[in-house]
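Residues per chain are reported as follows:
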Amino acid sequence: MLIPTLLAMAYFGFIASDVYVSEAKFVVRSPEKPAASGLGVILKSAGFANAGDEIYAAQGFLTSRDALQSINRNNAFVQANSKDSISLFNRFNPLGFSGSFEDLYDYYLGKVHVDFDVTSSITTLRFRAFSPREAQQFNEQLLELAEATVNRLNERGRQDLIRFGEVELEDAKLKARAAALALAAFRNQSGVVDPQEQATVQLQMVSKLQDELIATRTQLNQLKIFTPKNPQIPVLEAQIGALQREIAEQLGQVVGDRRSLAANAAQYQRLLLETQFADKQLASAFASLEEARNEARRKQAYVERIVQPNLPDAPIEPRRLRGVLATLALGLVAWGILSLLLAGVREHAQ
């Protein structure tokens, strides 16, 4: 019991290095996603809510190998934890036999701690180092990495949403252009802008010609009855023949051969419907793209710092007195158990 206590006093009193802890707190929030309770409700009342997926992504990245690689650029993390002023029990790779990246990663996990409060949606980041400045510096770097991770997820989600809308828009543009070209080619080939409108005009013309034909026939009949030898009779007969030929020609343009308006009306209607449908698809694609852009803006999540990484002014680890007392307590428990066992053995031997 006495020896472990003396060893603990020697370790905590003269060997163990001072550890400084820098702490920061942040939330990941979005203007649209549902909020939790507590602080989340307060944030939601201001028009913001907690972003669930981004929170776990940021937390996962802070304890990842990528985060370690980022803060260990130019071997900064290794050098900070391999100084001669650090005790052998706290230093990284003190004997030179465990310098692999996986060993460094295990050592890093002992320095960083990420705690997420489900009630308030606040994430607390603590970093342990052997100097106040390094603790604050590494904590700040990790916070910036968390912000970059959330921003990267935002950009990827925004690009995916907008890319899908842009693909639909380009496809709708191609279809609308093809339909418009097909309709223009039909009009150029047939020489008709709108068969229905032109047929209506020609039928009106035929109606007028028929009215004129009826009036001319009536006048001719009257002349034949009252003045059979009137010199106007041949003129009227010739006029009636011309009107009949004109009516037949106009009707032939409306209904007749394959070049008539009736024959072209079905093809024109099909091309017109395709053009109208393509235009509606194009308008819908424009609306979908704008909606995708608005949706990307609404889903924009970001890191909001609540507490900046502090510069510790005193080491809080190791807790020396508690360590010595804990060793003493464990020694007493072990001594008591061992005493009972020895007493039992002696009693059994007698």
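For the structure given in this document, a descriptive report is provided here. It should be emphasised that the depicted structure is a prediction, and the values quoted were computed from it without experimental measurement.

Our next topic: the packing of aromatic side chains. Counted according to the given criterion, the structure contains eight aromatic pairs. Seen from their ring centres, Phe77 and Phe138 are 5.7 Å apart, and the 75° between their planes marks the pair as edge-to-face. With Phe77 in helix α5 (residues 76-80) and Phe138 in helix α7 (residues 132-190), the pair connects residues that are 61 residues apart, well separated along the chain. The same class applies to Phe77 and to Phe138, which are both buried. Seen in terms of ring centroids, Phe127 and Phe138 are 5.4 Å apart; in terms of plane orientation they differ by 45°. Their pairing is tilted. Here Phe127, found in strand β4 (residues 122-129), pairs with Phe138, found in helix α7; they are eleven residues apart in sequence, far enough to count as distant. Phe138 matches Phe127 in its accessibility class, with the two residues each being buried.

Judged by nonpolar contacts, the single largest core of 36 residues is most densely connected at Ile71, Phe77, Tyr108, Phe127 and Leu142. Counting only elements with at least two residues in this core, the list comes to β1 (20-30), α3 (52-62), α4 (65-71), α5, α6 (101-109), β3 (112-117), β4 and α7. Here the element with the most residues in this core is α7; it accounts for seven residues. Not counting residues within four places of it along the chain, the set of residues in contact with Ile71 comprises Ala76, Phe77, Tyr108, Phe127, Phe138, Gln141, Leu142 and Leu145.

Where β3 lies against β4, six bridges are found, and the strand directions are antiparallel. Residue pairing for β4: His113 is matched across the bridge by Arg126. Between β3 and β4, which pair antiparallel one after the other, the connecting turn spans four residues, and Ser121 there sits at a positive phi close to 60°.

Reading the values: rules and limits
Residues numbered from 1 in each chain as written. Predicted model: local features only at pLDDT ≥ 70, side-chain atom pairs only at ≥ 80, totals over all residues. Heavy atoms only, no water. Phe/Tyr/Trp six-rings, centres within 6.5 Å; stacked < 30°, edge-to-face > 60°. Helix = DSSP H or I, 4+ residues; strand = E, 2+ residues; numbered from the N terminus. Buried < 20%, exposed > 50% of the residue type's maximum accessible area, 1.4 Å probe, protein only. Core = buried A, V, L, I, M, F, W, Y, C linked by side-chain atoms within 4.5 Å. Contact = heavy atoms within 4.5 Å. Pairing = 2+ DSSP bridges.

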